[in-house]
2 protein chains.
Amino acid sequence: GSDLELKCINTIRVLAADMVEKANSGHPGAPMGCAPMAHVLWSSLASGGVGRAHSASNPEWWNRDRFVLSNGHACALQYIMLHLSGYEDCSMEQLKLFRQVGSHTPGHPENFCTKGVEVCTGPLGQGISNAVGLAIAAKHLGATYNTPDFPNIISNKTYVICGDGCLQEGVSGEACSLAGHLGLGDLIVLYDDNKITIDGSTDLAFTEDVNKRFEAYGWHVQTVNDVANGLGDLRQAIEAAKKVTDKPSLIKIRTEIGYGSPSKQGSASSHGAPLGSSEVVAVKSRLYGMDPDKSFHVPDDVAAYYKQQAAEAEEMRVTWDAVYLKYKHALPDKAAELERRFKHELPEGVFDNLPTFIFGKDKANATRKFSEACLNAVAPKLPELMGGSADLTGSNCCQIKGSPDFQKDTPEGTTIRFGVREHAMAAICNGMFAYGAFRPFCATFLQFAGYALGAMRLSALSKFGVIYIMTHDSIGLGEDGPTHQPVEMLESLRAMPNMNVFRAADANEMAAAYQIALLSVHTPTVICCTRANVSPLENSSRVNAMKGAYTVVEAEGDGTPDLVLVATGSEVWRCVDAAKALQSDHSIRTRVVSMPCQELFLQQDEEYRKSVLPGNIPTLSVEASSEHGWHRFAHAQIGLTRFGMSGPLEQLYMKFGFGAENVASKGKDLVDFYKQRGVDVPDLNARPTFVNFQGNDH
Amino acid sequence: GSDLELKCINTIRVLAADMVEKANSGHPGAPMGCAPMAHVLWSSLASGGVGRAHSASNPEWWNRDRFVLSNGHACALQYIMLHLSGYEDCSMEQLKLFRQVGSHTPGHPENFCTKGVEVCTGPLGQGISNAVGLAIAAKHLGATYNTPDFPNIISNKTYVICGDGCLQEGVSGEACSLAGHLGLGDLIVLYDDNKITIDGSTDLAFTEDVNKRFEAYGWHVQTVNDVANGLGDLRQAIEAAKKVTDKPSLIKIRTEIGYGSPSKQGSASSHGAPLGSSEVVAVKSRLYGMDPDKSFHVPDDVAAYYKQQAAEAEEMRVTWDAVYLKYKHALPDKAAELERRFKHELPEGVFDNLPTFIFGKDKANATRKFSEACLNAVAPKLPELMGGSADLTGSNCCQIKGSPDFQKDTPEGTTIRFGVREHAMAAICNGMFAYGAFRPFCATFLQFAGYALGAMRLSALSKFGVIYIMTHDSIGLGEDGPTHQPVEMLESLRAMPNMNVFRAADANEMAAAYQIALLSVHTPTVICCTRANVSPLENSSRVNAMKGAYTVVEAEGDGTPDLVLVATGSEVWRCVDAAKALQSDHSIRTRVVSMPCQELFLQQDEEYRKSVLPGNIPTLSVEASSEHGWHRFAHAQIGLTRFGMSGPLEQLYMKFGFGAENVASKGKDLVDFYKQRGVDVPDLNARPTFVNFQGNDH
Ligand SMILES: [Ca+2]
Ligand SMILES: [Ca+2]
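For every chain, the first residue of its written sequence is number 1, and the numbers climb from 1 along that sequence. By the order in which they are written, chains take letters starting at A while ligands take numbers starting at 1. Totals for whole chains, interfaces and linings use every residue, but because this is a predicted model, local features are given only for residues with pLDDT of at least 70 and side-chain atom pairs only at 80 or more, for both listing and counting. The side-chain quantities take in all heavy atoms of the structure and omit both hydrogens and water.

Overview of the overall build of chain A
Moving on, step 1. Note on conventions: DSSP H or I runs of at least 4 residues are helices, E runs of at least 2 residues are strands, and numbering of each starts at the N terminus. Across its full length, chain A holds 24 helices and 19 strands.
Moving on, step 2. Structurally, chain A occupies a C-alpha span of about 90 × 55 × 45 Å along its principal axes.
Moving on, step 3. For chain A, buried positions account for 69% of its 698 residues.
Moving on, step 4. By definition in these notes, contact holds between two residues if any of their heavy atoms fall within 4.5 Å. Summarising the internal contacts of chain A: among those between residues at least 6 apart in sequence, 77% fall at separations of at least 24. Remark: exposure states derive from per-residue accessible area (1.4 Å probe, protein chains only) relative to the maximum for the residue type, with buried under 20%, exposed over 50%, and partly exposed in between.

Some thoughts on the packing of aromatic side chains
For any pair of aromatic rings, geometry is given as the distance between the ring centres together with the angle between the planes.
Moving on, step 1. Ring geometry is summarised as follows: Phe, Tyr and Trp rings, the Trp one being its six-membered ring, pair when their centres sit within 6.5 Å, and such pairs are stacked at plane angles under 30 degrees, edge-to-face over 60 and tilted between the two. One pass over the structure, following the stated rule, counts 48 aromatic pairs over all chains.
Moving on, step 2. Ring centres of F214 of chain A and W219 of chain A lie 4.9 Å apart, and the angle between their planes is 90 degrees; on these two criteria the pair is classed as edge-to-face.
Moving on, step 3. On the numbers, 5.9 Å between centres and 80 degrees between planes, the contact of F357 of chain B with F370 of chain B is edge-to-face. With F357 of chain B in the loop between α12 (332-342) and β8 (365-366) and F370 of chain B in helix α13 (residues 367-378), this pair connects stretches of sequence that are 13 residues apart.
Moving on, step 4. With relative accessibility at 9%, the residue F370 of chain B sits in the buried group.
Moving on, step 5. One aromatic cluster is present, formed by W61, W62, F150, W320, Y324, Y327, F342, Y435 and F438 of chain A through successive ring pairs.

Concerning the coordination of the calcium ion (ligand 2)
Residue and element names in this part refer to chain B.
Moving on, step 1. Summarising the metal site, the calcium ion (ligand 2) is bound by the protein donors D164 (OD), N194 (OD1) and I196 (O), whose distances to it range over 2.3 Å.
Moving on, step 2. Here the donor residues of the calcium ion (ligand 2) are spaced in sequence according to D-x29-N-x1-I. Remark: I196 occurs in strand β4 (residues 196-197) and D164 occurs in helix α6 (residues 164-168); sequence separation between them is 32 residues.
Moving on, step 3. The exposure class assigned to I196 is buried, which follows from its relative accessible area of 13%. Here the term donor refers to an N, O or S atom within 2.8 Å of the metal (or 3.2 Å for Na, K and Ca), and because water is left out of the atoms, sites may appear incomplete.

Brief notes about the pairing of strand β3 (residues 187-193) of chain B
Residue and element names in this part refer to chain B.
Moving on, step 1. Of all seven residues in β3, seven are buried, a share of seventy percent or more.
Moving on, step 2. Here β3 shows two buried faces, one formed by L187, V189, Y191 and D193 and the other by I188, L190 and D192.
Moving on, step 3. Pairing between two strands requires that DSSP report at least two bridges joining them. Both strand β2 (residues 158-163) and β3 contribute to a ladder of six bridges, which runs parallel. Bridge pairing links Y159 to I188 in β3.
Moving on, step 4. In this structure, β3 lies alongside strand β7 (residues 249-254), joined through six bridges in parallel fashion. Looking at the pairing, L190 lines up with I251 of β7.

Overview of the interface of chain A and chain B
Moving on, step 1. Of the residues lining the interface, 125 residues belong to chain A; the matching set on chain B comes to 125 residues.
Moving on, step 2. Buried area: the sum, over both parts, of the accessible surface (1.4 Å probe) that disappears when the two are put together. For the pair chain A and chain B, the summed buried area comes to about 10,400 Å², and 56% of that belongs to carbon and sulfur atoms.
Moving on, step 3. Salt bridges are counted wherever a side-chain nitrogen of Lys or Arg sits within 4 Å of a carboxyl oxygen of Asp or Glu. Scanning the region where chain A abuts chain B turns up eight salt bridges.
Moving on, step 4. Across the pair E215 of chain B and K212 of chain A runs a salt bridge, and its minimum N-O distance is 3.2 Å.
Moving on, step 5. Polar contact criterion, stated in full: a pair of N or O atoms within 3.5 Å, where within protein one must be able to donate a hydrogen and the other to accept it, and residues adjacent in sequence count only if both atoms are side-chain atoms. Taken together, the links from chain A to chain B amount to 71 residue pairs in polar contact (both at pLDDT 80 or more).
Moving on, step 6. Tallying contributions element by element places helix α16 (residues 449-462) of chain A first for the side of chain A that touches chain B, with eight residues.
Moving on, step 7. For this classification, the nonpolar set comprises Ala, Val, Leu, Ile, Met, Phe, Trp, Tyr, Cys and Pro, the charged set comprises Asp, Glu, Lys and Arg, and every other residue, Gly included, is treated as polar. Looking at side-chain class alone, the side of chain A that touches chain B contains 47 nonpolar, 46 polar and 32 charged residues.

What to know about the packing of helix α1 (residues 3-23) of chain B against helix α11 (residues 300-330) of chain B
Residue and element names in this part refer to chain B.
Moving on, step 1. Between the N-to-C directions of two axes lies an angle of 0 to 180 degrees, each axis being a line fitted to C-alpha atoms and, for a helix, fitted only over the stretch in contact. The contact between α1 and α11 brings their axes to 10 Å, and the two run at 95 degrees. It follows from the interaxial angle that α1 and α11 lie roughly perpendicular. Along its contact with α1, which presents L4, E5, K7, C8, I9, T11 and I12, the element α11 presents D301, V302, Y305 and Y306.
Moving on, step 2. Tallied by class, the residues present in the contact of α1 with α11 amount to seven nonpolar, one polar and three charged. For this classification, under 35 degrees means roughly parallel, over 145 means roughly antiparallel, 65 to 115 means roughly perpendicular, and everything else is oblique.

Description of empty space enclosed by the protein
Moving on, step 1. The rule is simple: put a 1 Å grid over the protein atoms alone, call a set of points where a 1.4 Å probe fits but cannot get out a cavity, call an open set with protein on both sides within 12 Å along at least five of seven lines a pocket, and count a residue as lining if it has an atom within 4 Å of a point. Grid points are joined across faces, edges and corners, and a volume is the space filled by probe spheres set on the points. Overall, the coordinates contain 12 cavities of 30 Å³ or more when judged by the stated rule.
Moving on, step 2. The space that makes up the largest cavity amounts to roughly 150 Å³.
Moving on, step 3. Lining the largest cavity we find 22 residues, and of these G173 and Y217 of chain A together with G173, R213 and Y217 of chain B sit closest to its centre.
Moving on, step 4. Among the secondary structure elements, those contributing two or more residues to the lining of the largest cavity are α6 (164-168) and α7 (170-182) of chain A together with α6 and α7 (170-182) of chain B.
Moving on, step 5. Partitioned by chemical class, the residues of the lining of the largest cavity number five nonpolar, eight polar and nine charged.

A closer look at helix α3 (residues 75-84) of chain B
Residue and element names in this part refer to chain B.
Moving on, step 1. Counting buried positions over the 10 residues of α3 gives 10, a clear majority of the element.
Moving on, step 2. For α3, the set of buried residues is C75, A76, L77, Q78, Y79, I80, M81, L82, H83 and L84.
Moving on, step 3. Elements in contact with the buried residues of α3: α1, α2 (29-41), β1 (66-69), α4 (92-96), β2 and α11.
Moving on, step 4. With its phi angle positive at about 90 degrees, G86 sits one or two positions after the end of α3.

Here's the deal with the pairing of strand β7 (residues 249-254) of chain A
All names here are of chain A.
Moving on, step 1. Buried residues dominate β7, accounting for five of its six residues.
Moving on, step 2. The pairing of strand β6 (residues 220-224) with β7 spans five bridges and is classified as parallel. Bridging from a neighbouring strand, Q222 pairs with I251 of β7.
Moving on, step 3. Following the chain from β6 across helix α9 (residues 232-243) to the adjacent parallel β7, one finds a crossover that is right-handed. We call a crossover right-handed when, viewed with both strands directed away from the observer, the connection leading from the first strand over the helix to the second proceeds clockwise.

Details of the environment of V566 of chain A
Moving on, step 1. In this fold, V566 of chain A is placed in strand β16 (residues 563-567).
Moving on, step 2. Placed 27 residues apart in sequence, V566 of chain A and V593 of chain A show a C-alpha to C-alpha distance of 4.6 Å.

Brief notes about the sheet that holds strand β12 (residues 500-503) of chain A
Residue and element names in this part refer to chain A.
Moving on, step 1. The parallel open sheet is built from five strands, whose spatial order is β9-β10-β11-β13-β12. The open sheet terminates on both sides in strands that have one partner only, identified here as β9 (385-389) and β12. Put simply, the sheet's adjacent strands are angled 20 degrees from each other on average, direction ignored.
Moving on, step 2. Here β12 runs beside strand β13 (residues 525-528); their pairing, made up of four bridges, is parallel. Residue V501 lies in a different strand from β13, and its bridge partner there is V526.

Regarding the nonpolar core
Side chains of nonpolar character tend, in soluble globular proteins, to be buried together.
Moving on, step 1. Residues belong to one nonpolar core when they are buried, are Ala, Val, Leu, Ile, Met, Phe, Trp, Tyr or Cys, and are joined through side-chain atoms within 4.5 Å. Ranked by internal contacts, the top residues of the largest apolar core, which has 351 residues, are M456 of chain A together with M456 of chain B.
Moving on, step 2. Aside from chain neighbours lying at most four places away, what touches M456 of chain B is A426, A449, Y468, M470, L493, M496, M499 and V526 of chain B.

Observations concerning the layout of surface pockets
Moving on, step 1. Of the voids in this model, the second largest pocket is the one considered here, and its volume is about 1,300 Å³.
Moving on, step 2. For the second largest pocket, the lining is made up of 46 residues, of which E627 and T641 of chain A together with L602, R632 and T689 of chain B are closest to its centre.
Moving on, step 3. Where the lining of the second largest pocket is concerned, the elements lending two or more residues are β19 (636-640) and α24 (660-677) of chain A together with α21 (598-603) and α22 (606-612) of chain B.
Moving on, step 4. Counted by class, the lining of the second largest pocket contains 19 nonpolar, 16 polar and 11 charged residues.

Laid out in structure tokens, this is it:
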């Protein structure tokens, strides 16, 4: 590169060192090593750069070329580039607030904190897997909305920088294998091959041939041996990668971590801690033309250079705007649908076709079948529903009828065959949501949410309303046994903030699950489904289920009941049977509460909550899952305190105490417990809820 | 193969079809396709088989060649082979009880149900990753205990059958990359390349070049194109694989799922459901010499064949026994240590050097540093402690001093460099524990337990006492921000059966964590550690901490306290400060309870539990984690109801309400809540605990 380019790159490096030094925390090494890549990614074609389309004035412009920093710990680099490109969230003041409470420059990139950041990265392997989702989204949307006259309404590329850590993680292997299978030609990954991980040399644990592995995945693979002494090779490689349109591209770029640091360059010591003030001074001295007394300094010519690059990128957006106006005029319906999708607005009447179960008329079925009916009831109006299963399409009942596969040569299809890749599946859905214009869904057995939890949590944190269809949601899975039977999974998900966990008891409640899931644009929903049939409930209600919990069977006669049974999913009808037996055999007047979604119930007002669960009436929870969390709502539990076992469902339900008989017996025991001892029923509602968090930052 | 061999293989196929048919559930396709592999794996060298060392009379013989069926859904195959080889747990009666409650033949292999089964498989990708752990264990143990005179005390190989599903999962990619790096020459994987997954053809989602990928990992790779019409190629490939001692081997074997089924061979329809009785009849007719009227039939010559193979395998054990007697005589100390290790007995005085913190004398520190001290206090006496970190060795403080790396050319080392591979790390530790003679440990940030949960759960289910060192256990991680700050993770792990979650408040409690972890041979332990310093506690106690919870500060004066604060880990000392302030500012007499391990506390008798947490005294829980689960122990909570944020630790603790001031303020609010309203404090202990599980089966 030219002298000015070298100065640009060195300015980035020094800024990164300054930011980490001021924060007294962070990762200077990767930004210093990757600065040449960032420079090229943020330079225009005219300047010999990538010519990435993006817009500082409109960071959410649909057709921007996405950029994902998969090695999120290098985020100083991303904030610096956004700053130099004029993005409002990354002012110089914000660079100085790096890693401080409430800043737009947190310690790892957060999409909801910083405009210009597409996804939360930092948990290694996620960013590159999200990028596969971004590329799927672009390919599908382009195939669906472009026309011969308007071939570039959606035509963006997705660029990634990633490091060794991201490529060691299994999730990235899953995602990249699928990316190769799908031939995602608009995905270009720059691999920062610096031979260093936190523990030291990659020789310690990572000596595989990465290029060969990616070739095996079906990727186009290149190597660039030097970006320190010139950018020509990198430019050529990117140009070649752009020309390969039927395969994703990996460019392995040999770099040195902490480049420019006299004593830490090439060493793990530059990875995760400030260089130290004297070392920062040395960096500035070593990088010619830098004044060691200046911090957070951008030389005028460097500032002007990136301003010009940003202006050229902005020009692409302006051009696109003009084309889009014509598109809108020529194809108003398509444009309206695209706009609706990007605004995450639901079309009129989308819930109208959700099934209503008529007791005594409709047939009993598994809730996974009800889920299939609901999915197919809303899908015709929602082209943004795109997704599939991790190789369990039939078992998960998640096929949208008539929806062809999204494959290399059929990008207009909306059914994704994720393969046996649960973690990548969730990460890809995050990427698709991040793209905008999608409500991705994905499916597996509930137990295997445990494989995907790293990415599911990022749905919740990132406020991505991904819909998770999780079937076989209890020991009711039966013969496959304890390796496949969830115990702790419901509680794992319920303990996650911003995650709705819905376990429907029948068709009406399932309709509520879908309505809530679609309305919750920024909260992911887990829809838990049974493998086996549930008996129909006489008084179930979609409207009531949307409140999270409601009385599905009231105790006979007037006045407060003697006992409350609170249950979810396939345990509710057994409680209904138990309640009848308690009334007829022991005159214990029993209310049954169905609680499909704890999160929604806790959002109701106190009066409603107490009307459903009075708290001072003996209450027994019944759920074929860990008892954790249920002590809040109930005095005693029928739950799982051990793993399940292999056997037919009904035998397991009896063995583990979920038969109506045991429920009735324990219900009576609970009533007797207080009666016989003459102790007060402790009022579970007589407790305050404290708000402890100060402020309302992101 | 010979006619008899074909008859043997067909007998296996037909038995598998019969078992699934009788169970009316299961997976016939894979056993039918893989039967030739099983035949060769269970045949002696003299018979042209693998000559695997194993012993039906002593299934836990140390030097047996391990076998892992990674595609665990094919387990009918494994049970059949164990049956034909004379393993007691797999009698013909047990084959008929396939997938029934309490049988030794559950729906997926379970190590604790069936002697001869090494690990729980079924969750795809786990078995092959466990096998990497088994191979590491064998290599290390051989290097440590063999001598030039006794080179084969530990010299076993590890064989795996796996399918497409296992190789799509990221966890297997992580493990196999590490296996190649480590040059595990005694690991041989037979890949059932049947071009079918549950959804249909592998063309749907899995078109990568698997062989090339494994070559990239550094494996020795071969292809066998046919095992239906002869076993010669397979035999040659296995022979070649055995000769390659510096690389693990993958043999890709082209098979047909459901081989022998006229209408389902080669189709996904044979994967996960009975073939149907008429189809089973057709299988028997088609497989020459089979009587369609006979079920569960083993022809005499077939039975005699496998009996002979098992006898030859048994002979290897007898020969080894004789050698081992000589070894024991020549090297009594080594033999005694090996025997102690395989019995999981702890040596005398192993806890003697665990540190005791002396208040007022010793220095404050991070609990991760206390963990390091404890690990290093017990390690000198425990060569079975082998493990390491997922590339965070320094941050996790998990280096045993003076312990060299376990690497390709230094197999005697006990420090494993797992790389950035959390899921494989946990799965490998499971394999090492399954080998026997090891107490594996592994480490990462607590948040990234979420990447490893699929395997951690299998530690718990399989009763493998793996030790998980999980540092950076709360928002106290600070600037790295919410992607790295656990919220739901403690609760996820606590909700898992047979998993001890220990969050120590100081050095004495950390010593308790290590003592409990080592004593809990069949329960994994998660040791959660802070990044930052904790203030020393005056009355902490190892003995008390081992009870799970105890009063660390009693309220001033006599009688019951006015308030109880219950906390864990780094929140305890803040509660101590709050208690002092409540006493001095408001004369609220406050007890502080430290609860490092809920699981252990719940195992104490009722009297002890009530003495610590009376239940009817206002109780406030304080933990920088999800509030879920705490309603059981406390009336009100200070916890996390949202994700954390990036910033310095102390600012975050204040912002989220964990400063002593907020704790005191909310403590006073809680006391006032009941006083001012004149309502009784609900007695959280006035509730029955029901035992709902019937029987005591595995
Ligand atoms: Ca690196
Ligand atoms: Ca297969």
